[in-house]
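Topology and contacts: notes
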Amino acid sequence: LLPGLSDIQQADNLAALGALAMDCRACPSWENATRAVFGSGQGLFRLMLVGEQPGDQEDLAGIPFVGPAGQVLDRALAEVGFVREQIYITNAVKHFGFTWRNGRRLHKKPDEIAITACHVWLEAERRVLNPALVVMLGATAARSVLKRPVTISRERSKIIPLDDTTDGLVTVHPSYLLRLPDDSTRQREYENFVADLKLARDYLH
Ligand code: URA
């Protein structure tokens, strides 16, 4: 069950939207999560970053990108001169999805049902923020924002028009960088990621 659609459409600030999202039952992913993790940050520079879904640590803290992927993201943002609290960071899916393995909650990629159900929140965040640029971190974010399957390698690093006032930019998800086994590949891919964030910064300035 989605909180009243007219309430969502009438909400004119992110705090109000975030409060509504806490009661979202539009797909089953709320059941095992601690809470909905809504977007955070001041939304300066008309920049919005979209990730996949909260992980274990985000679910507990109630804040997006505070775990290992968040640390990579923070470092990369700092390298291009962004402070994370100043921009707006959110996820395509707001509840943590996981399976238990060896006593640990292992992240499970969100399915089509969760992505589609959660889309209303992302749309509402975009309406309230009216960002100039939406940076999509990885395939789930890109799929949700562009509403079609996306191959990252084919579409990254270029400006994609989204609507009259907003453009998009696809890049990798920071957890992809964490999964790369080889140091030199990881370093090279990290630099490519920073280069994409530089594109975003230069686009906005
Ligand atoms: N990965 C994401 O996509 N989002 C988070 O908030 C944390 C990890």
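Residues numbered from 1 in each chain as written. Predicted model: local features only at pLDDT ≥ 70, side-chain atom pairs only at ≥ 80, totals over all residues.

What to know about the overall build of the chain
The helix and strand inventory of the chain stands at nine helices and seven strands. The C-alpha radius of gyration of the chain comes to 16 Å, within 12% of the 17 Å expected for a compact globule of 205 residues. Counting only C-alpha atoms, the chain reaches 50 × 45 × 30 Å along its principal axes. Looking at the chain as a whole, 41% of its 205 residues are labelled buried. Taking as baseline every contact in the chain between residues at least 6 positions apart, the subset at least 24 positions apart corresponds to 69%. (Helix = DSSP H or I, 4+ residues; strand = E, 2+ residues; numbered from the N terminus. Rg over C-alpha atoms; globule rule 2.2 N^0.38 Å. Buried ≥ 20, exposed ≤ 12 C-beta atoms within 10 Å, placed from the backbone. Contact = placed C-beta atoms within 7 Å.)

What about the site of the ligand?
Within the structure, the ligand sits among 13 residues, and G51, E52, G55, P64 and A69 are positioned closest to it. Its residues assigned to classes, the shell around the ligand shows four nonpolar, seven polar and two charged. (Near = placed C-beta within 6 Å. Nonpolar A, V, L, I, M, F, W, Y, C, P; charged D, E, K, R; others polar.)

Regarding the sheet that holds strand β7 (residues 167-171)
Taken together, the five strands give an open sheet; going across it, the order is β2-β1-β5-β7-β6, and neighbouring strands pair in mixed fashion. The sheet terminates laterally at β2 (88-91) and β6 (159-161), the two strands that pair on one side only. Across the sheet, the mean angle from the axis of one strand to that of its neighbour is 30°, orientation sign disregarded. In this structure, strand β1 (residues 47-51) lies alongside β2, joined through four bridges in parallel fashion. What sits directly across from M48, in β2, is Y88. Contacts from helix α9 (residues 183-204) reach β1, β5 (133-137), β6 and β7, with the element oriented near 165° to β7. (Pairing = 2+ DSSP bridges. Axes fitted to C-alpha atoms, helices over the stretch in contact; angles between N-to-C directions.)

Quick look at the UniProt feature "domain: Uracil-DNA glycosylase-like" (unreviewed entry) in the chain
Here the UniProt-annotated "domain: Uracil-DNA glycosylase-like" (unreviewed entry) positions come out as residues 38-198. Counted over residues 38-198, helix gives 44% and strand 19%. Its end C-alpha atoms are 25 Å apart. (UniProt positions renumbered as here; feature names shortened; annotations may be inferred.)

Let's talk about the nonpolar core
Counting 51 residues, the largest nonpolar core has L47, L49, V50, C118, V135 and M136 as the members making the most contacts within it. Here this core gets eight residues from one element, more than from any other, and that element is helix α5 (residues 112-129). Those residues in contact with L49 that lie beyond four places of it in its chain are I87, Y88, I89, V135 and L137. (Core = buried A, V, L, I, M, F, W, Y, C linked by C-beta atoms within 7 Å.)

Comments concerning unusual backbone geometry
Although it is not a glycine, N130 adopts a positive phi angle of roughly 45°. Here N130 shows up in the loop between α5 and β5. Overall, N130 belongs to the exposed group, with 12 C-beta atoms counted inside 10 Å.

Quick notes on helix α2 (residues 14-21)
Those residues of α2 that fall on the buried side of the exposure criterion are L14, L17, G18 and A21. Buried residues of α2, viewed axially, fall in a sector of 100°; they line one side. Looking at the buried positions of α2, the neighbouring elements they touch are α1 (5-10) and α5. (Arc of directions from axis to C-beta.)

Some points on the pairing of strand β3 (residues 98-101)
Relative to strand β4 (residues 104-107), β3 runs antiparallel, the two being bridged by four bridges. Along β4, the bridge assignment pairs F98 with H107.

Concerning helix α4 (residues 68-79)
Under the 1.5 Å per step criterion, the end-to-end length of α4 is 17 Å for twelve residues, consistent within 8% with the ideal 16 Å. When α4 is considered as a whole, its buried residues turn out to be A69, G70, V72, L73, A76 and L77. Seen from one end, α4 has its buried residues packed into an arc of 160°, which puts them on one side. Here the buried face of α4 lies against α8 (174-179) and α9. (Expected span 1.5 Å × (residues − 1).)

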